[in-house]
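Examination of the molecular architecture
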Amino acid sequence: MEENNLQCNSVVDGNFEEVPRETVIKFKPPLYRQRYQFVKNLVEQHEPKKVADLGCGDTSLLRLLKVNPCIEFLVGVDINEDKLRWRGDTLAPLMGDYLKPRDLNLTITLYHGSVVERDSRLLGFDLITCIELIEHLDSGDLARFPEVVFGYLSPSMIVISTPNSEFNPLFPSVTLRDSDHKFEWTRMEFQTWALYVANRYDYSVEFTGVGEPPAGAENVGYCTQIGIFRKNGGKAMESCVSEQHDQHVYKAVFTTSYPSLQQERFFKLVLVNEVSQQVESLRVSHLPRQKKQDGEWDDTPKDSQASSPCFGPVFTEVEKAKIENSPKPFCVGDKFFVPLQRLLAYPKLNRLCANEEMMRSGIADSIPLSSDGSAVVADLRDYSDEQFEF
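Summary of the structure given here. Remember, it's a predicted structure, so these values are computed and weren't measured experimentally.

Time to look at the pattern of salt bridges. According to the stated counting rule, one finds 17 salt bridges in the structure shown. The partner of glutamate 317 in a salt bridge is lysine 320, and the shortest N-O contact between them spans 3.8 Å. You can see glutamate 317 and its partner lysine 320 sitting in helix α10 (residues 317-324), 3 residues apart, about one turn around the helix. Residue glutamate 317 is classed as exposed on the basis of its relative accessible area of 60%. Across the pair aspartate 379 and lysine 335 runs a salt bridge, and its minimum N-O distance is 2.5 Å. Within this pair, whereas aspartate 379 is found in strand β13 (residues 375-379), its partner lysine 335 is found in strand β12 (residues 335-339), the two being separated by 44 residues in sequence. Lysine 335 sits in the partly exposed class, given a relative accessible area of 32%. Linked through salt bridges whose partners overlap, the residues forming this network are Glu81, Arg85 and Lys251.

An order of β8-β9-β7-β6-β3-β4-β5-β10 is seen for the 8 strands of this open sheet, with the pairing classed as mixed. Lying at the two open borders of the sheet, with one neighbouring strand each, are β8 (203-210) and β10 (251-258). In this sheet, adjacent strand axes meet at a mean angle of 15 degrees when their direction is disregarded. Pairing between β8 and strand β9 (residues 224-231): 8 bridges, direction antiparallel. Of the residues in β9, the one forming a bridge with glycine 209 is glutamine 225.

Parameters at a glance
- Residues numbered from 1 in each chain as written.
- Predicted model: local features only at pLDDT ≥ 70, side-chain atom pairs only at ≥ 80, totals over all residues.
- Heavy atoms only, no water.
- Salt bridge = Lys/Arg side-chain N within 4 Å of Asp/Glu carboxyl O.
- Helix = DSSP H or I, 4+ residues; strand = E, 2+ residues; numbered from the N terminus.
- Buried < 20%, exposed > 50% of the residue type's maximum accessible area, 1.4 Å probe, protein only.
- Pairing = 2+ DSSP bridges.
- Axes fitted to C-alpha atoms, helices over the stretch in contact; angles between N-to-C directions.

If you want it as structure tokens, here you go:
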């Protein structure tokens, strides 16, 4: 955070509003990024599978969270349908997501609707975030908000952020930080409301914030105050999901699903690619060597991937030992055989396949196997090898 005696285009959150030439506060990173990073850190710590952002706006937080591997369902809700439609495509999978699929499925959905309406599709979530939302609610909606979010949806965890009005005097000419804000609370006002809601709906709450004050003004607290609510007992009331009648009041305006290794076609594509690369690496690494009398090939991690960090991963000692103790590749005539057990010893393939049968069924339609299905078969030499012989 910095203080400047300049005409400033950003008082809070990167909003471009000119203010008089006097001392202003600029946050580094910008305050909105600090809020989003706070949520991202919380997600990385608790690894929720189902996350909803109420009042998701331009979907910036959703775009930050979608890369987290633990999340399988990501939902945004906002009253502005046009903004949701405009920003929805930014949440769609990119080419890289197809080339390197996620481990777990991910579905992202944007709903148009009010946060004080009940929709059963948001039941059973692990985390619901309300970032700079409640100050936009009028008194009637603010009264209904806890009934819907805490009472009806009842997720495992809720994060609510809102401006700390005690910080406002540090900004030039600021009474309310946004013309749409219906109120801005002091720390005492926010904590009194939060503790009442937590007690009524069986949650615990702790308070923190982002946007530290400048030196000498520490007494005003964080610029943004945050309440982290945790359901007593730890888990969302999943039993309510089946007991509640379906209530679909929200309008789905965008939905997308990401490729993942849980989907058979993407799993097979990744597996076939990894097996092919490993077999080719072993084949090429053995070409210059002499065959032993017993017909086996000495590829013990002297092989290219174990000994050449510039061309592949460097294995740990435990991984090297596992590879060394696995069945070795061998040749019969002009054919090169790599046992599936050998391939399973390599970390990448071991992570993809739990056992030999899983690997065999995944590659059988695309890669030649030995008659008993225990090894991958490749030509010992191919045309490209011969081009480089002198």
